[in-house]
Amino acid sequence: MTDSKYFTTTKKGEIFELKAELNSDKKEKKKEAVKKVIASMTVGKDVSALFPDVVNCMQTDNLELKKLVYLYLMNYAKSQPDMAIMAVNTFVKDCEDPNPLIRALAVRTMGCIRVDKITEYLCEPLRKCLKDEDPYVRKTAAVCVAKLHDINAQLVEDQGFLDTLKDLISDSNPMVVANAVAALSEIAESHPSSNLLDLNPQSINKLLTALNECTEWGQIFILDCLANYTPKDDREAQSICERVTPRLSHANSAVVLSAVKVLMKFMEMLSKDLDYYGTLLKKLAPPLVTLLSAEPELQYVALRNINLIVQKRPEILKHEMKVFFVKYNDPIYVKLEKLDIMIRLASQANIAQVLAELKEYATEVDVDFVRKAVRAIGRCAIKVEQSAERCVSTLLDLIQTKVNYVVQEAIVVIKDIFRKYPNKYESVIATLCENLDSLDEPEARAAMIWIVGEYAERIDNADELLEGFLEGFHDESTQVQLQLLTAIVKLFLKKPTETQELVQQVLSLATQDSDNPDLRDRGYIYWRLLSTDPVAAKEVVLAEKPLISEETDLIEPTLLDELICYIGTLASVYHKPPSAFVEGGRGVVHKSLPPRTASSESTESPETAPAGAPPGEQPDVIPAQGDLLGDLLNLDLGPPVSSPPLATTSVQMGAVDLLGGGLDSLIGGPNFVAPPAATVPASLGAPIGGGLSDLFDLTSGVGTLSGSYVAPKAVGSISMDLQLTNKALQVMTDFAIQFNRNSFGLAPAAPLQVHAPLSPNQTVEISLPLNTVGSVMKMEPLNNLQVAVKNNIDVFYFSTLYPLHILFVEDGKMDRQMFLATWKDIPNENEAQFQIRDCPLNAEAVSSKLQSSNIFTIAKRNVEGQDMLYQSLKLTNGIWVLAELRIQPGNPSFTLSLKCRAPEVSQHVYQAYETILKN
């Protein structure tokens, strides 16, 4: 008879009967009673009253009964800690039992009893079991150390269990090695700072030896541990790869994915010229293909991982396109994932095959799948230029089917094709216009309106078409309204005489009759542009548009590298790093691929400019402002040029967030490390408001930031003093700060430390240390600094002008002869003259005041009653500025002549002179 009978009893007064049976002398009756107790416990009845009686049954040689009692004990020890102590003696005794199964059972149960009072009694038995002669006991004890560490980390460290665990990595039994690695990895994850798994070539060798002989879970633990190791050179990486490759043919998909993870990571270190690199690429394809013959759920996980692998190394699967063709009975989630990978693998060689497949998919019955297939045809056109014409004719064939959702998707992707290949396929516009009436989805309507506005000069009745959309303006979605507004303004700029009424109508609809702030703001911008400067409006609205890239949905490279390190885990299915979905930061470590070795390609970024030129070399002039589109703070906020840098002012930042979340790279990013301070006194000037304050109401922002000129704090350091006031209705936390690239490479030298959450209306003052080792790019004006401050509510952008004298360095005193030679060497057209008025100081006072800010007097002469001071200063980026200051005793106006190889610096050096002498 089966054990199901134990679950069917519904008698009352059962506890008393069980109590009597548990204390029976007959072993068989005792066992039956314990089974009944476990059955009651399993269905949720409270049988904790029987605790002492069940614990008495522990004293038995019967393994089955012992297991049942231990099961009961694990469940109730937490609610009855005082009673659980009664069982400690039995544990200690069982840990010395001649039967290794009982020893292991005792140590396993000890690890599962999470009661502080008991843990210290368990240390001695655990220590014995870790050194037990039987490997089964040792492997169980290894896992017990990790469980004990979770209950009381300090105790485990004090008792030296971690060292014993490290010794087990050298154990002769592969399962003991695997469990020791698993336990150490578990402990290391909860304490990222501890260097527990101190891997070296010797220990790696032991792990690789154990890898061939342990169970599949053991192999996964070892492979995951190997993935955290960084080989010292490409030869070691190759040797590890050679020994891991056989795991690719394992029957368990988790082992295969863990092996793929190790190989993908170490391939980074192999040179692409190596024969072995090509061999490895060939070996990686078959196991990944095999994973696709499993059940749909496993296929989906495999496909999500393959999606990452294909983005990192498309060459692995470039000949395997056919396995990603969709089967009729695939679930929709598998179909969509396969489709995505097909597009990523599409190339000139296989595009004909892919297009034939996609055209077939577009006639399927599943609407979501058909939409994705139509969109995929467009993505192929953008990716493989040679196929664009075939893709467009395929899309036109699909439009002729007149199936509503197919037509709408086709129009959306044709818009993208127009963006990618301007002036090539515009002949199809007439066909698109025929289908105007059938469009009912916002995205398709917006795409069609964009096409009509963009190519208005080619469409005779463009104004009628747009007027048709305008009739139901208020019923349209925001996306369509914004597109319609822009399209009509474009039309007006192309055909001003015929469309004046139309543009006035749409501008008044957008600005006066709409509640949507985005639409109103765009309407006002267009209105002002058209009314103040139609030429500028034409340049802005009809500007040449950048071509769209072939892959807009690629994962950002640094995130992709991190996700490759998480192949075979949930992160690789979500395509998000663990920090994005694991609650609480505990145990989440950011991983990255190892750097390429010297034999492979260099990874040094060409755009990072040096922070300072070495002595003896002629420093470069500041690099010019390039294409800022990819830059983090792509702001439209130039500071007002007229504002002096030291005026006390404040700027409300809430409304200036033009990008919305443009600081993603700050979340979980690396902390800035402060280098030795290398510059001069004084804090940064006040933040200056953006140049859009007449368009945006900057007085109703969420947070304010204000500041003013502060006297020098310490020689050799730059700091930025911030005063943050919370004007929001909720608490602000998680502050972070980032600077845009700027003329002198200013960057925060430490994270923004706001120690306590900022309550509403609370103000906090912070001094942020800065350095000059950031990225360099010439700004307009030169001393403009664009800053983003992020917190849990939003990202706030502002720009500030800093006085240049904070960048004058202490070794700026030039030798006399050198000064003369340099003055003659700099061309005369680089000389600039300025007047400093209202300064009643004499030559001595001027010289000493300037020296305190690192402007050094090299020589002083008196010529015809005038004091002439010859001075030099040096900026943090190695640019020298030479000065001649004429002072007429009794006259408060001085004449300043400046010479410099980078003449754009002179104006700001003059302002620094004024600032220093008048403060």
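All values reported here derive from a predicted model rather than from experimental measurement.

### Re the overall build of the protein chain
Here's step 1: The helix and strand inventory of the protein chain stands at 35 helices and 14 strands.
Here's step 2: Counting across all 919 residues of the protein chain, residues that qualify as buried make up 51%.
Here's step 3: Long-range contacts, defined here as pairs at least 24 residues apart, represent 71% of the contacts in the protein chain between residues at least 6 apart.
Here's step 4: In the structure as shown, the protein chain presents an accessible area of about 42,800 Å², 51% of it carried by carbon and sulfur atoms.

### As for the packing of aromatic side chains
Here's step 1: According to the stated counting rule, one finds eight aromatic pairs in the structure shown.
Here's step 2: Ring centres of Tyr300 and Tyr333 lie 5.5 Å apart, and the angle between their planes is 90°; this geometry places the pair in the edge-to-face category. Of this pair, Tyr300 sits in helix H18 (residues 296-312) while Tyr333 is found in helix H19 (residues 332-345), placing the two residues 33 residues apart along the sequence.
Here's step 3: Look at Tyr300 and you get partly exposed, because its relative accessible area is 24%.
Here's step 4: Where Phe819 meets Trp823, the ring centres are 5.9 Å apart and the plane angle is 25°; that geometry is what we call stacked. Of this pair, Phe819 and Trp823 both sit in helix H33 (residues 816-825), four residues apart, roughly one helical turn.
Here's step 5: We classify Phe819 as buried; its relative accessible area is 6%.
Here's step 6: By relative accessible area, which is 19% here, Trp823 ends up buried.
Here's step 7: The rings of Phe418, Trp450 and Tyr455 are connected pair by pair, giving a single aromatic cluster.

### Considering the environment of Ser40
Here's step 1: Inspection of the secondary structure puts Ser40 in helix H2 (residues 27-42).
Here's step 2: The class of Ser40 is buried, set by a relative accessible area of 5%.
Here's step 3: Sequence-distant contacts of Ser40, that is, excluding residues within four places in its chain, are made with Glu14, Lys45 and Val47.

### Some thoughts on the pattern of salt bridges
Here's step 1: For the structure shown, the criterion picks out 30 salt bridges.
Here's step 2: Among the salt bridges present, the one from Lys31 reaches Glu64, with a minimum N-O distance of 2.9 Å. Of this pair, Lys31 sits in helix H2 while Glu64 sits in helix H4 (residues 63-76), and the two are 33 residues apart along the sequence.
Here's step 3: Relative accessible area serves as the criterion here: at 37%, Glu64 is assigned to the partly exposed category.
Here's step 4: As a salt-bridge pair, Asp340 and Arg379 come within 3.3 Å of each other at their nearest N and O atoms.

### Examining the side chain of Thr822
Here's step 1: Within the secondary structure, Thr822 is located in helix H33.
Here's step 2: Excluding residues within four positions of it along the chain, Thr822 makes contact with Met814, Leu882 and Arg901.

### Quick notes on the packing of helix H1 (residues 14-22) against H2
Here's step 1: For the pair H1 and H2, interaxial distance at closest approach is 8 Å and the crossing angle is 145°. As H1 runs across H2, the sense of the crossing is left-handed. Residue-level inspection shows Glu14, Leu18, Glu21 and Leu22 of H1 in contact with H2, the latter providing Lys29, Lys30, Ala33, Val34, Lys36, Val37 and Ser40.
Here's step 2: Its residues assigned to classes, the contact of H1 with H2 comprises five nonpolar, one polar and five charged.

### Remarks on the packing of helix H25 (residues 442-454) against helix H26 (residues 462-470)
Here's step 1: Two numbers describe how H25 lies on H26: the axes approach to 10 Å, and their chain directions differ by 150°. With respect to H26, the element H25 is oriented roughly antiparallel. By crossing handedness, the relation of H25 to H26 is classed as left-handed. Residue-level contacts link Arg445, Ile449 and Val452 of H25 to Ala462, Leu465, Leu466 and Phe469 of H26.
Here's step 2: Counted by class, the contact of H25 with H26 contains six nonpolar, no polar and one charged residues.

### Describing helix H7 (residues 100-112)
Here's step 1: Between the first and last C-alpha of H7 there are 19 Å, a value that for 13 residues agrees with the 18 Å anticipated at 1.5 Å per step.
Here's step 2: Within H7, burial applies to Ile102, Arg103, Ala104, Leu105, Ala106, Val107, Thr109, Met110 and Gly111.
Here's step 3: Buried residues along H7 sit against H4, helix H6 (88-94), helix H8 (116-130) and helix H9 (135-151).
Here's step 4: Between a side-chain oxygen at the N-terminus of H7 and the backbone nitrogen of Leu101 the separation is 2.9 Å; the capping residue is Asn99.

### Regarding a negative patch on the surface
Here's step 1: Together, Glu464, Glu467, Glu471 and Glu501 give the surface a local cluster of negative charge.
Here's step 2: Summarising the element assignment, Glu464 is placed in helix H26.
Here's step 3: Overall, the relative accessible area of 54% leaves Glu464 in the exposed class.

### Looking at the sheet that holds strand S10 (residues 831-836)
Here's step 1: Strand order in the open sheet made by the five strands is S10-S14-S13-S12-S11, with antiparallel pairing throughout. At either margin of the open sheet sits one strand with a lone partner, and together these are S10 and strand S11 (856-863). Strand after strand, the sheet turns through a mean of 20° between neighbouring axes, direction not considered.
Here's step 2: Helix-sheet contacts for H33 involve S10, S11, strand S12 (866-874), strand S13 (880-887) and strand S14 (894-900), and the interaxial angle to S13 is about 95°.
Here's step 3: In the packing of helix H35 (residues 906-918) onto the sheet, contacts are made with S10, S12, S13 and S14, and the angle to S10 comes to roughly 25°.

### Overview of unusual backbone geometry
Here's step 1: The omega angle of the peptide bond from Glu780 to Pro781 is -10°, so this bond is cis rather than trans.
Here's step 2: Residue placement: Pro781 occurs in the loop between strand S7 (763-771) and strand S8 (784-790).
Here's step 3: Although it is not a glycine, Asn761 sits at a positive phi angle of roughly 65°.

### Examining the nonpolar core
Here's step 1: Of all hydrophobic cores here, the largest spans 212 residues; its most connected members are Tyr72, Phe91, Leu126, Val244 and Phe418.
Here's step 2: With residues up to four places along the chain from it excluded, the contact list for Tyr72 reads Val37, Ile38, Met41, Val47, Ser48, Leu50, Phe51 and Val54.
Here's step 3: One finds Ala728, Phe744, Ala843 and Leu917 within the second-largest nonpolar core, a separate group that totals 55 residues.

### Describing the environment of Leu18
Here's step 1: Secondary-structure assignment places Leu18 in helix H1.
Here's step 2: Residue class for Leu18 comes out buried when judged on its relative accessible area of 3%.
Here's step 3: Remark: the alpha-carbon pair of Leu18 and Lys30, spanning twelve residues in sequence, is separated by 9.2 Å.

### What to know about the environment of Ala302
Here's step 1: Looking at the element boundaries, Ala302 is found in helix H18.
Here's step 2: The sequence separation of Ala302 and Val334 amounts to 32 residues, and the corresponding C-alpha distance is 10.0 Å.
Here's step 3: If we ignore the near neighbours within four places in the chain, the residues touching Ala302 are Leu291 and Leu292.

### Let's talk about helix H20 (residues 351-361)
Here's step 1: Among the residues making up H20, those that are buried are Ile351, Val354, Leu355, Leu358 and Tyr361. Projected down its long axis, H20 carries its buried residues within an arc of 120°, all on one side.
Here's step 2: Looking at the buried residues of H20, the elements they touch are H19, helix H21 (367-383) and helix H22 (388-400).

### Description of the side chain of Asp340
Here's step 1: Locating Asp340 in the fold gives a position in helix H19.
Here's step 2: Polar side-chain contacts of Asp340 include one of 3.3 Å to the side chain of Arg379.

### Notes on the state of the cysteines
Here's step 1: Evaluated as defined, the whole model comprises zero disulfides.
Here's step 2: With no disulfide partner, Cys112 has as its closest neighbouring cysteine sulfur the one in Cys144, 7.8 Å distant.

### As for the confidence of the model for the protein chain
Here's step 1: Mean pLDDT over the protein chain stands at 79; residues scoring 70 or higher make up 84%.
Here's step 2: Below pLDDT 50 for its whole length, residues 598-711 participates in 264 contacts with residues either more than four positions away or in separate chains.

So, how was this worked out
- Residues numbered from 1 in each chain as written.
- Predicted model: local features only at pLDDT ≥ 70, side-chain atom pairs only at ≥ 80, totals over all residues.
- Heavy atoms only, no water.
- Helix = DSSP H or I, 4+ residues; strand = E, 2+ residues; numbered from the N terminus.
- Buried < 20%, exposed > 50% of the residue type's maximum accessible area, 1.4 Å probe, protein only.
- Contact = heavy atoms within 4.5 Å.
- Areas by Shrake-Rupley, 256 points an atom, 1.4 Å probe, with all protein chains shown as cover.
- Phe/Tyr/Trp six-rings, centres within 6.5 Å; stacked < 30°, edge-to-face > 60°.
- Salt bridge = Lys/Arg side-chain N within 4 Å of Asp/Glu carboxyl O.
- Axes fitted to C-alpha atoms, helices over the stretch in contact; angles between N-to-C directions.
- Left-handed = near helix turned anticlockwise from the far one by under 90°.
- Nonpolar A, V, L, I, M, F, W, Y, C, P; charged D, E, K, R; others polar.
- Parallel < 35°, antiparallel > 145°, perpendicular 65-115°, else oblique.
- Expected span 1.5 Å × (residues − 1).
- Polar contact = N/O pair within 3.5 Å; in protein donor to acceptor, adjacent residues only side chain to side chain.
- Patch = residues over 30% accessible without salt bridge, like charges linked within 9 Å, V, L, I, M, F, W, Y side chains within 5 Å.
- Lys, Arg positive; Asp, Glu negative; His and termini not counted.
- Charge placed at Lys NZ, Arg CZ, Asp CG, Glu CD.
- Pairing = 2+ DSSP bridges.
- Core = buried A, V, L, I, M, F, W, Y, C linked by side-chain atoms within 4.5 Å.
- Arc of directions from axis to C-beta.
- Disulfide = S-S within 2.5 Å.
- pLDDT = per-residue confidence, 0-100.

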